[in-house]
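What follows is the residue order along each chain.
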Amino acid sequence: MRVARTIAATRGLVRRGGQPVVLVPTMGALHEGHAALIRRARRLAGPQGTVVVSVFVNPTQFGPKEDFSRYPRPIRADLKVCRENGADLVFRPEPTEMYAVDASARVDETSLSAHLCGASRPGHFGGVGTVVAKLFLIVQPQIAVFGEKDWQQLAIIRRLVRDLNFPVRIVGHPTVREADGLARSSRNAYLTPEERAVAPGIYAALTRAAAEPTAGRILRSAGRALAALPGARVDYVRLVDAETLEPATRLRRRTTLAAAVFLGRARLIDNVQIPPRA
Ligand code: PAF
């Protein structure tokens, strides 16, 4: 496995590597969820292809009061996860390599980003869209793999690819969970033992609610159960169309029940998918 710190070195190594090129963009602090994405990328690339993992804590997707400076950066452990799960190349640039000091161009998706996390974190998805577009242009993958835990991010990236004609196939990978249902996330590291004991209640609330017969009952059930979690502050809980992310009042199309919940210092997101019902 090679490690590149510059865009030029990454381009050179990718050019000399085999096809297809499969990219797994990450912000590091890699856990079993990322490991599953890298293994999926390895299977998609096959023995001849090139699996590239980017490890970059992207400053432009953090708000001024968010956790950019304290976001975990365990690079030695991250490189081990990449190596053990089949990466060929890790691209780990410094922010100065990715952004000119006077950078003034951005990639903003303006419809799906208005909902859910986009409403609570203004500018977040502009930062995500910009860095993902840059990674696509630097690495030029044929395929890129993203986790379904960040359902809105995945939907927005699919939209960017469609609307800007990036020649990349986007593959979504199912959320990897702890044995008790908690979605794997780098931010779980912020939880105290007491908060960690409460956290699986988020997924339990969403799955129980998803079994209710109507859109209204699903939303009410999820709202009540999340609000009852000890120490939790619900940022949002919404039932939305799985593709457009518009609020859903019926279950005729596939819907997503999505929530963001603060537990202490951690803001945790999760979602469940609800297939269309007659
Ligand atoms: O999902 C993430 O870790 C990040 O938002 C991404 C896609 C790597 C962009 O920085």
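Structural data are supplied above this passage.
Starting from 1, residues in each chain are numbered consecutively following that chain's sequence as written. pLDDT decides what is reported in this predicted model: residues at 70 or higher carry local features, side-chain atom pairs at 80 or more are listed and counted, and totals for whole chains, interfaces and linings draw on all residues regardless. Note that water and hydrogens are dropped before the side-chain values are worked out from all heavy atoms of the structure.

Caption draft 1: How the structure looks around the pairing of strand β5 (residues 143-147). Relative accessible area decides the class of each residue, using a 1.4 Å probe on protein chains only: under 20% of the type maximum gives buried, over 50% gives exposed, and in between gives partly exposed. For the purposes of this entry, the term helix denotes a DSSP run of H or I that reaches at least four residues, the term strand denotes a run of E that reaches at least two, and both are numbered from the N terminus. Burial analysis of β5 places 4 of its 5 residues in the buried class, the great majority of the element. Relative to β5, strand β2 (residues 21-26) runs parallel, the two sharing 2 bridges. In the strand pairing of β5, Val22 is matched with Ile143. Strands are labelled as partners when DSSP assigns at least two bridges between them. Two strands pair when backbone bridges link them, and β5 and strand β6 (residues 169-173) are joined in this way by 5 bridges, in the parallel orientation. Looking at β6, one finds that Gly147 is bridged to His173.

Caption draft 2: Looking closely at the nonpolar core. Here, nonpolar core means buried Ala, Val, Leu, Ile, Met, Phe, Trp, Tyr and Cys residues that are tied together by side-chain atoms lying within 4.5 Å of each other. Ranked by internal contacts, the top residues of the largest apolar core, which has 44 residues, are Met98, Phe136, Phe146, Ile157 and Ile170. Filtering out sequence-adjacent residues up to four positions away, Ile157 remains in contact with Val128, Val132, Phe136, Phe146 and Ile170. Grouped together as the second largest cluster of nonpolar side chains are 33 residues, Ala210, Ala215, Val237 and Ala266 included. It only takes one pair of heavy atoms within 4.5 Å for two residues to be counted as in contact.

Caption draft 3: Spatial organisation of the packing of helix α9 (residues 200-210) against helix α10 (residues 215-227). A fitted line through C-alpha atoms represents every axis, and for helices the fit uses only the stretch in contact; the resulting angles, taken between N-to-C directions, go from 0 to 180 degrees. It is at 8 Å that the axes of α9 and α10 come closest, and there the two elements cross at 155°. By the angle between their directions, the pair α9 and α10 is classed as roughly antiparallel. Crossing angle aside, the handedness with which α9 passes α10 is right-handed. Between α9, through Gly201, Ile202, Ala205, Leu206, Arg208, Ala209 and Ala210, and α10, the contact on the second element is made entirely by Ile218, Ser221, Ala222, Ala225 and Leu226. The residue inventory of the contact of α9 with α10, partitioned by class, reads 9 nonpolar, 2 polar and 1 charged. The cut-offs work like this: below 35 degrees is roughly parallel, past 145 is roughly antiparallel, 65 to 115 is roughly perpendicular, and the gaps in between are oblique. For any pair of crossing helices, the crossing counts as left-handed if the nearer helix is rotated counterclockwise from the farther one by less than a right angle, and right-handed if it is rotated clockwise. As a working rule, the residues Ala, Val, Leu, Ile, Met, Phe, Trp, Tyr, Cys and Pro are called nonpolar, Asp, Glu, Lys and Arg charged, and the rest polar, with Gly in that last group.

Caption draft 4: Main features of helix α3 (residues 75-84). Asp78, Leu79, Val81 and Cys82 are the residues of α3 that are buried. Down the axis, α3 shows its buried residues gathered within 160° of arc, on one side only. Set apart from the buried face of α3 by more than 90 degrees, the exposed residues are Arg76, Arg83 and Glu84. Residues of α3 that are buried sit in contact with β1 (2-4), α2 (32-45), β3 (50-55) and β4 (89-91). Each C-beta atom gives one direction from the helix axis, and the arc is the one those directions make.

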